[in-house]
Amino acid sequence: MDRTERLARDIIQDMGGHHIVALCVLKGGYKFFADLLDYIKSLNQNSDKSVPLTVDFIRVKSYCNDKSTNSVKIIGGDELSNLSGKNVLIVEDIVETGRTMQTLLSLLSGCKPKMVKVVSLLVKRTPRSSGYRPDYIGFEVPDAFLVGYALDYNEYFRDLSHICILNDQAKEKYKV
């Protein structure tokens, strides 16, 4: 929570002069998104000038079990044209290889937003990384399969209030 509050402060400092469209990447980003926006709202209430903030949602899917499918499915992207000329803050749960975010950013660039910044709660240290780094990072984490705090394994474990590494026994038990 302390780190999320710090990220909110950094975002308001960088983007706070303008209306922000916060774009939540579902499903894994919803808890971080809600907590981050609560901190931004709190900063707005305790500030001389409030930052206008609207929210939108997009769903991105690229995993089956614990393996990337090497294809990115974007659901809800047809409505992104309304982001034209706006300052967009993409809120993501975890960046692993970076390819999913690069695909989303490429799609967004066609909509001609004024500015796009990305905040990710977690960035995985992995040799499979494309080199992409978000503008704001909560924590760097080891190259392991993480669940909890809305991160899932085949839709399980989103309800955990903490983040943990999924062991091989659990992967086998909840495999599709």
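These lines cover the structure that appears in this document, whether it is placed above or below.

Rules and cut-offs
- Residues numbered from 1 in each chain as written.
- Predicted model: local features only at pLDDT ≥ 70, side-chain atom pairs only at ≥ 80, totals over all residues.
- Heavy atoms only, no water.
- Helix = DSSP H or I, 4+ residues; strand = E, 2+ residues; numbered from the N terminus.
- Rg over C-alpha atoms; globule rule 2.2 N^0.38 Å.
- Buried < 20%, exposed > 50% of the residue type's maximum accessible area, 1.4 Å probe, protein only.
- Contact = heavy atoms within 4.5 Å.
- Areas by Shrake-Rupley, 256 points an atom, 1.4 Å probe, with all protein chains shown as cover.
- Lys, Arg positive; Asp, Glu negative; His and termini not counted.
- Charge placed at Lys NZ, Arg CZ, Asp CG, Glu CD.
- Arc of directions from axis to C-beta.
- Core = buried A, V, L, I, M, F, W, Y, C linked by side-chain atoms within 4.5 Å.

### Focus on the overall build of the chain
- Per the secondary structure count, the chain includes 4 helices and 8 strands.
- In the chain, the order of α-helices and β-strands from amino to carboxyl end is α-β-α-β-β-β-α-β-β-β-β-α.
- For a compact globule of 176 residues, the expected C-alpha radius of gyration is about 16 Å, and the chain comes in at 16 Å, within 12% of that figure.
- Counting across all 176 residues of the chain, residues that qualify as buried make up 44%.
- Look at the contacts in the chain between residues 6 or more apart in sequence, and 64% of them connect residues 24 or more apart.
- Of the roughly 9,300 Å² of accessible surface on the chain, a fraction of 49% belongs to carbon and sulfur atoms.
- Each charge class in the chain can be summarised by its mean position, and for the 24 positive and 22 negative side chains these summaries are 3 Å apart.

### What about the environment of Pro 142?
- Among the structural elements, Pro 142 can be located in the loop between strand E6 (136-141) and strand E7 (146-147).
- Residues Pro 142 and His 18, 124 residues apart in the sequence, show an inter-C-alpha distance of 35 Å.
- With residues near it in sequence (within four places) discarded, Pro 142 still touches Lys 124 and Arg 125.

### Here we look at helix H3 (residues 99-109)
- By the burial criterion, the buried members of H3 are Thr 100, Met 101, Leu 104 and Leu 108. One side of H3 carries all its buried residues, which in axial view fall inside an arc of 95°.

### So, the nonpolar core
- Ile 11, Phe 32, Leu 36, Leu 89 and Val 119 are the most contacted members of the largest nonpolar core, which totals 26 residues.
- Breaking this core down by element, the ones donating at least two residues are helix H1 (2-15), strand E1 (20-26), helix H2 (30-45), strand E4 (87-95), strand E5 (115-124) and E6.
- Counting residues per element, this core draws most heavily on H2, which supplies 6 residues.
- Residues contacting Ile 11, with those up to four places away along its chain left out, are Gly 16, Leu 36, Ile 40, Leu 89, Val 119 and Tyr 136.
- If you look at the next biggest cluster of nonpolar residues, it comprises 18 residues, including Leu 23, Val 88, Tyr 132 and Ile 137.

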